[in-house]
Amino acid sequence: MSGTTVNPSDSLSGIKSAGGGAESGSRKLLQPAWVRIVHWVNAIAMVMMIMSGWQIYNASPLFPFSFSRSITLGGWLGGALLWHFAAMWLLMVNGLVYLVLGLATGRFRNKLLPVSARGVFADTKAALAGKLSHDDLSIYNQVQKLLYGGIIVVGILIVLSGLSIWKPVQFQYLTALFGGYDVARYVHFACMALIVGFLVVHVALAILVPKSLRAMIVGR
């Protein structure tokens with residue numbers, strides 16, 4: 001009876017090849033190119049707007065404090081306004097691209113829905129206990145869905161309230177929806193504070209889960 005001789009090195013090579021294929025398959029695309037581009041453009045524009053906005057705030061504070069000049073942009077009111085408006089247009093165009101592509105590709109539906117109060121509570125409890133898994137970065141937990149969905153709404157509000165402050169006469173109906181110019185300023189400030197808080201949490205999570213940052217740079 002004839003038989004087949006198996007070379008041990010060939011067998012070992014096959015095992016390594018199979019393992020390598022599994023590892024390669026696990027390195028799936030997490031962040032498409034368009035997501036990565038709009039993410040980093042948005043990050044730059046948002047930082048510019050926040051820092052220049054703090055300089056504008058210092059010229060007419062809403063509360064009994066001001067921001068250190070070391071963390072502001074523009075040097076003076078006029079310079080800060082120039083930076084703020086330049087970043088505003090960049091943020092609006094980039095944000096519009098993100099919204100259109102997010103809806104057209106179904107990314108928002110797949111990534112951010114469904115979300116429930118019970119799920120958010122359970123995942124928050126797990127996160128505080130250090131038991132929330134980050135193994136599959138392609139699936140957002142309930143807390144991430146709430147934060148990412150909420151920050152989109154806050155982003156829309158900060159743009160609309162900003163337009164109300166910038167052109168209160170031309171956008172008088174929009175300004176009226178916010179309850180007037182003064183109220184629009186408080187809404188704008190509150191949205192800024194929420195975005196800053198989100199950025200702090202976002203950066204902290206990127207440090208704690210570095211593979212998420214890598215995915216936003218190289219996609220996988």
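Residues numbered from 1 in each chain as written. Predicted model: local features only at pLDDT ≥ 70, side-chain atom pairs only at ≥ 80, totals over all residues. Heavy atoms only, no water.

## A short note on the nonpolar core
Right, on to step 1. With 26 residues, the main nonpolar core has Phe67, Leu112, Phe189, Met192 and Ile195 as its most contacted residues.
Right, on to step 2. Listed by contribution, the elements that provide at least two residues to this core are helix H2 (33–59), helix H3 (77–104), helix H4 (107–112), helix H6 (142–166) and helix H8 (181–208).
Right, on to step 3. Composition of this core by domain shows at least three residues from each of domain 1 (31–113) and domain 2 (115–219). (Core = buried A, V, L, I, M, F, W, Y, C linked by side-chain atoms within 4.5 Å. Buried < 20%, exposed > 50% of the residue type's maximum accessible area, 1.4 Å probe, protein only. Helix = DSSP H or I, 4+ residues; strand = E, 2+ residues; numbered from the N terminus. Domains from an automatic or database assignment.)

## A word on the UniProt feature "transmembrane region" (unreviewed entry) in the protein
Right, on to step 1. UniProt's entry tags residues 37–57, 77–101, 146–166 and 186–210 with the feature "transmembrane region" (unreviewed entry), counted in the numbering of this structure.
Right, on to step 2. Counted over residues 146–166, helix gives 100% and strand 0%. Its end C-alpha atoms are 30 Å apart. (UniProt positions renumbered as here; feature names shortened; annotations may be inferred.)

## A closer look at the packing of H3 against H6
Right, on to step 1. Their axes nearest at 11 Å, the elements H3 and H6 cross at an angle of 140 degrees. With respect to their mutual orientation, H3 and H6 come out oblique. Between H3 and H6 lies a crossing of left-handed hand. Only Ile152, Val159 and Trp166 of H6 make contact with H3, whose side of the interface consists of Phe85, Met88, Trp89, Met92, Tyr98 and Leu99.
Right, on to step 2. Within the contact of H3 with H6, the residues separate by chemical class into nine nonpolar, no polar and no charged. (Axes fitted to C-alpha atoms, helices over the stretch in contact; angles between N-to-C directions. Parallel < 35°, antiparallel > 145°, perpendicular 65-115°, else oblique. Left-handed = near helix turned anticlockwise from the far one by under 90°. Contact = heavy atoms within 4.5 Å. Nonpolar A, V, L, I, M, F, W, Y, C, P; charged D, E, K, R; others polar.)

## Description of H8
Right, on to step 1. For H8, with 28 residues, the first-to-last C-alpha span of 41 Å sits near the 40 Å given by 1.5 Å per residue.
Right, on to step 2. For H8, the set of buried residues is Ala184, Arg185, His188, Phe189, Cys191, Met192, Ile195, Phe198 and Ala206.
Right, on to step 3. Looking at the buried side of H8, the elements it contacts are H2, H3, H6 and helix H9 (210–218). (Expected span 1.5 Å × (residues − 1).)

## Some details on the layout of surface pockets
Right, on to step 1. In this structure, the largest pocket occupies an estimated 1,500 Å³ of space.
Right, on to step 2. Along the wall of the largest pocket there are 49 residues; nearest its centre are His39, Asn42, Tyr148, Phe198 and His202.
Right, on to step 3. Among the secondary structure elements, those contributing two or more residues to the lining of the largest pocket are H2, H3, H4, H6, H8 and H9.
Right, on to step 4. Tallied by class, the residues present in the lining of the largest pocket amount to 34 nonpolar, 12 polar and three charged.
Right, on to step 5. Each of domain 1 (31–113) and domain 2 (115–219) gives at least three residues to the lining of the largest pocket.
Right, on to step 6. In this model, the second largest pocket occupies a volume close to 630 Å³.
Right, on to step 7. Lining the second largest pocket are 27 residues, with Gly53, Ile56, His84, Ile165 and His188 sitting closest to its centre.
Right, on to step 8. Going through the elements one at a time, H2, H3, H6 and H8 are the ones with two or more residues in the lining of the second largest pocket.
Right, on to step 9. With eight residues, H2 is the largest single contributor of residues to the lining of the second largest pocket.
Right, on to step 10. When the residues that make up the lining of the second largest pocket are grouped by side-chain class, the tally is 21 nonpolar, five polar and one charged.
Right, on to step 11. Of the domains in this structure, domain 1 (31–113) and domain 2 (115–219) are the two that each give at least three residues to the lining of the second largest pocket. (1 Å grid on protein atoms, 1.4 Å probe; cavity = no way out; pocket = protein on both sides within 12 Å on 5 of 7 lines; lining within 4 Å. Points joined across faces, edges and corners; volume = space filled by probe spheres on them.)

## Examining the packing of aromatic side chains
Right, on to step 1. Following the criterion strictly, the structure yields 15 aromatic pairs and no others.
Right, on to step 2. With a centroid separation of 6.3 Å and 45 degrees between ring planes, the pair formed by Trp34 and Tyr98 is classed as tilted. Within this pair, whereas Trp34 is found in helix H2, its partner Tyr98 is found in helix H3, the two being separated by 64 residues in sequence.
Right, on to step 3. Take Tyr98: its relative accessible area is 27%, and that puts it in the partly exposed class.
Right, on to step 4. An aromatic cluster of three or more residues is present, and its members are Trp54, Tyr57, Phe63, Phe65, Phe67, Tyr186 and Phe189. (Phe/Tyr/Trp six-rings, centres within 6.5 Å; stacked < 30°, edge-to-face > 60°.)

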